[in-house]
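A closer look at the structure
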Amino acid sequence: MAKKNSAANVTSAQLNSRLKKGELLPVYLLYGPEQGLLQAMAQRLMEAAVPKESQPMLLTRLEGDKLAMDRLIALCRTVPFLGERRCVVVSDFALDKLGKADGEGMKQLLKAPSPFTVLLLAYSDPELDLTKAKWKPYLEEIKKVGVVCEFAHKTPSELNKALCAYCAKRGGNLPSSTAAFLVDRCGVEYSLLTAEADKLLAYAHGREITREDVEQLCSKTIERSAFDLAAALVEGRAKDAFTMLEELFALQQKPVMILGAVSASFLDLYRLRLALDSGRSVSQLAQDFAYRSSWRLERMVRQAGRYPLKRIQNCVLALAEADKLLKSSKMEDSVILETAMGKMLSNS
């Protein structure tokens, strides 16, 4: 089964296994942050429901924000004359925002789904929370007849194993320690990591992939860069901090995006420091603030204990002031960000 705090009733691995066995159900709802894996599964479901050669006639794609309920019901209830079944794919259909009449229509469609239609609901928002009350009646009906599947990020240890296996299967050699470094540098999105692994495999050409290869070929995510920048700021390493900022500017990262990412890192750091001071665990903090994973927090534990709380607070206040200026001032965004960094460093 899916993890305890998930709205899903099957995992992606279970869904994959069922498809391999030929199981096809009338309704599927796919969501979660691993959008690459989600889209790949959606494609597999479409091809299982309707062969490629019949898709121009029997596969219908709809946008949820423009969808009238009567049209969806009509499509799902229409008998396919040129094939065994039809497939209706709806992107980002906000069931929790349906009015009373449309909501009842959707519930009736789910209670008695068409035997000759596969309805696929796919969601692109990586932060979509299906545990909210308004989703519950629809999810309950879907689970009775079909599948709700979350494509969640793997844990760092799971990613390490998966990446090592991925490279070995393709004739490469990725040590576990290097895989861990790759995850730390590039994030937890599996489709992005496998793309980076492909690049490393081509470069290493059969030899062992090293940490130096990863540093040379794989760009940091903005989140990882922001984490490093936040550490430099709170530690008072001015030269390192401004060098990192220039590197982000060179990568065409906008000041507002940099500020957002650095602010998120400091907010994590501030929450973590307060939690540790009050005797709460990382897992409790992750639950309190609804983090999808405690991975971000776990890698900050060591730093949080080293930094004075007042220094972290001063940095958070400087970032809040910069955010306000970005939204209201005519000053150059880059200057606002650099000024904020100067204030944080002067308080270190």
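Quick caveat: nothing in here was measured; it's all calculated off a predicted structure.

With respect to the overall build of the chain
Along the backbone of the chain there are 18 helices and 5 strands. Its C-alpha atoms give the chain principal-axis dimensions of roughly 70 × 55 × 45 Å. Out of the 348 residues belonging to the chain, those deemed buried represent 45%. Taking the contacts inside the chain whose residues are at least 6 apart along the sequence as the reference set, 74% of them involve residues at least 24 apart.

Section: a nonpolar patch on the surface
On the surface, Met 57, Val 79, Phe 81 and Leu 82 cluster together into a nonpolar patch covering about 480 Å² of accessible area. Locating Met 57 in the fold gives a position in helix H3 (residues 55-58). You can call Met 57 partly exposed: its relative accessible area is 49%.

Notes on the packing of aromatic side chains
Counting across every chain of the model gives 1 aromatic pair. When the centroid spacing of 5.6 Å and the interplanar angle of 85° are considered together, the rings of Tyr 123 and Trp 135 count as edge-to-face. Linking Tyr 123 in the loop between strand E4 (117-122) and helix H6 (136-145) with Trp 135 in the loop between E4 and H6, this pair joins segments that are 12 residues apart in sequence. Judged by relative accessible area, Trp 135 falls into the buried class, the value being 1%. Geometry around Tyr 190 places Lys 154 over its ring, the cationic atom sitting 5.6 Å from the centre. Sitting over the ring of Phe 181, Arg 211 keeps its end group 3.8 Å from the ring centre.

Here's the deal with the pattern of salt bridges
All chains considered together, the criterion is met by 18 salt bridges. Measuring nitrogen to oxygen at the nearest pair gives 2.9 Å for the salt bridge that ties Glu 321 to Lys 343. Note that Glu 321 is positioned in helix H17 (residues 309-328) and Lys 343 in helix H18 (residues 333-346), a separation of 22 residues in sequence. Judged by relative accessible area, which is 35%, Lys 343 ranks as partly exposed. The network of salt bridges with common partners includes Asp 184, Lys 220, Arg 224 and Asp 228.

Here is what the cut-offs are and how they apply
- Residues numbered from 1 in each chain as written.
- Predicted model: local features only at pLDDT ≥ 70, side-chain atom pairs only at ≥ 80, totals over all residues.
- Heavy atoms only, no water.
- Helix = DSSP H or I, 4+ residues; strand = E, 2+ residues; numbered from the N terminus.
- Buried < 20%, exposed > 50% of the residue type's maximum accessible area, 1.4 Å probe, protein only.
- Contact = heavy atoms within 4.5 Å.
- Patch = residues over 30% accessible without salt bridge, like charges linked within 9 Å, V, L, I, M, F, W, Y side chains within 5 Å.
- Areas by Shrake-Rupley, 256 points an atom, 1.4 Å probe, with all protein chains shown as cover.
- Salt bridge = Lys/Arg side-chain N within 4 Å of Asp/Glu carboxyl O.
- Phe/Tyr/Trp six-rings, centres within 6.5 Å; stacked < 30°, edge-to-face > 60°.
- Lys NZ or Arg CZ within 6 Å of the ring centre and 35° of its normal.

Without other data, these values stay purely geometric and don't point to any function.
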